[in-house]
Amino acid sequence: MPVLGIVLTCFNRCDTTEQALVCLRACELPRAISLRVFLTDDGCTDGTVETALTVFPDLVVSRANGDLFWGGGMRLSMEKAMAENVDYLLWLNDDVALRKDALSNAFALLERVGDNSILVGTTRAS
């Protein structure tokens with residue numbers, strides 16, 4: 001079964017990160033796709049990782065000391081995902097609440113444009 005690797009990084013935004021993961025968990029997926037979530041904890045002290053693990057118990061956590069910031073944290077999460085040979089990657093900011101149909105729409109578009117594509121989604125303020 002193909003795997004969609006979700007990569008994100010966090011630093012002390014427990015409620016925000018939890019909301020992003022809850023929305024991700026609620027997303028509709030094509031039957032043939034499974035999710036694997038890779039999170040870089042860049043030195044959180046507010047329980048973000050422990051809360052994230054309640055939403056995704058099989059979350060792959062990389063720990064850092066606060067020096068990575070967003071770019072370095074995303075790079076580390078992506079490296080972990082690539083090491084597990086995921087089939088697709090989704091960069092997810094921890095302050096994004098995906099719509100329920102976001103992933104199914106992305107995979108429908110991917111079927112039309114081909115696997116060797118980069119898809120960019122739109123966002124809106126709520």
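Residues numbered from 1 in each chain as written. Predicted model: local features only at pLDDT ≥ 70, side-chain atom pairs only at ≥ 80, totals over all residues. Heavy atoms only, no water.

Q: I would appreciate a short explanation of the overall build of the protein in the present structure.
A: Of regular secondary structure, the protein possesses four helices and four strands. Listed by position from the N terminus, the elements making up the protein come as β-α-β-α-β-α-β-α. For the protein, the C-alpha radius of gyration of 14 Å lies close to 14 Å, the compact-globule estimate for 126 residues. Counting only C-alpha atoms, the protein reaches 45 × 35 × 25 Å along its principal axes. The burial tally for the protein puts 35% of its 126 residues in the buried class. Within the protein, contacts between residues at least 6 apart in sequence are counted, and of these 71% link residues at least 24 apart. For the protein, the centre of its 11 positive side-chain charges and the centre of its 17 negative side-chain charges are spaced 6 Å apart. (Helix = DSSP H or I, 4+ residues; strand = E, 2+ residues; numbered from the N terminus. Rg over C-alpha atoms; globule rule 2.2 N^0.38 Å. Buried < 20%, exposed > 50% of the residue type's maximum accessible area, 1.4 Å probe, protein only. Contact = heavy atoms within 4.5 Å. Lys, Arg positive; Asp, Glu negative; His and termini not counted. Charge placed at Lys NZ, Arg CZ, Asp CG, Glu CD.)

Q: Sorry, what's going on with the packing of helix α1 (residues 14-26) against helix α2 (residues 48-55) here?
A: Between two packed helices, the angle of one axis relative to the other and the distance separating the axes together describe the packing. Contact geometry for α1 and α2: axes closest at 9 Å, N-to-C directions at 15°. Here α1 is positioned roughly parallel relative to α2, judged by the angle of their axes. Along this stretch, α1 crosses α2, giving a crossing that reads as right-handed. Listed contacts from α2 to C14, T17, E18, L21, V22 and R25 of α1 are T48, T51, A52 and V55. Here the residues of the contact of α1 with α2 sort into five nonpolar, three polar and two charged. (Axes fitted to C-alpha atoms, helices over the stretch in contact; angles between N-to-C directions. Parallel < 35°, antiparallel > 145°, perpendicular 65-115°, else oblique. Left-handed = near helix turned anticlockwise from the far one by under 90°. Nonpolar A, V, L, I, M, F, W, Y, C, P; charged D, E, K, R; others polar.)

Q: Honestly, the pattern of salt bridges in this entry has me stumped. Any pointers?
A: Taken as a whole, this structure holds five salt bridges when the rule is applied. With its nearest N and O atoms 2.2 Å apart, the salt bridge here joins R13 to D94. Of the two residues, R13 sits in the loop between β1 (3-10) and α1 while D94 sits in the loop between β4 (88-91) and α4 (102-113), which places them 81 residues apart along the sequence. In this structure R13 comes out as partly exposed when scored by relative accessible area, which is 36%. (Salt bridge = Lys/Arg side-chain N within 4 Å of Asp/Glu carboxyl O.)

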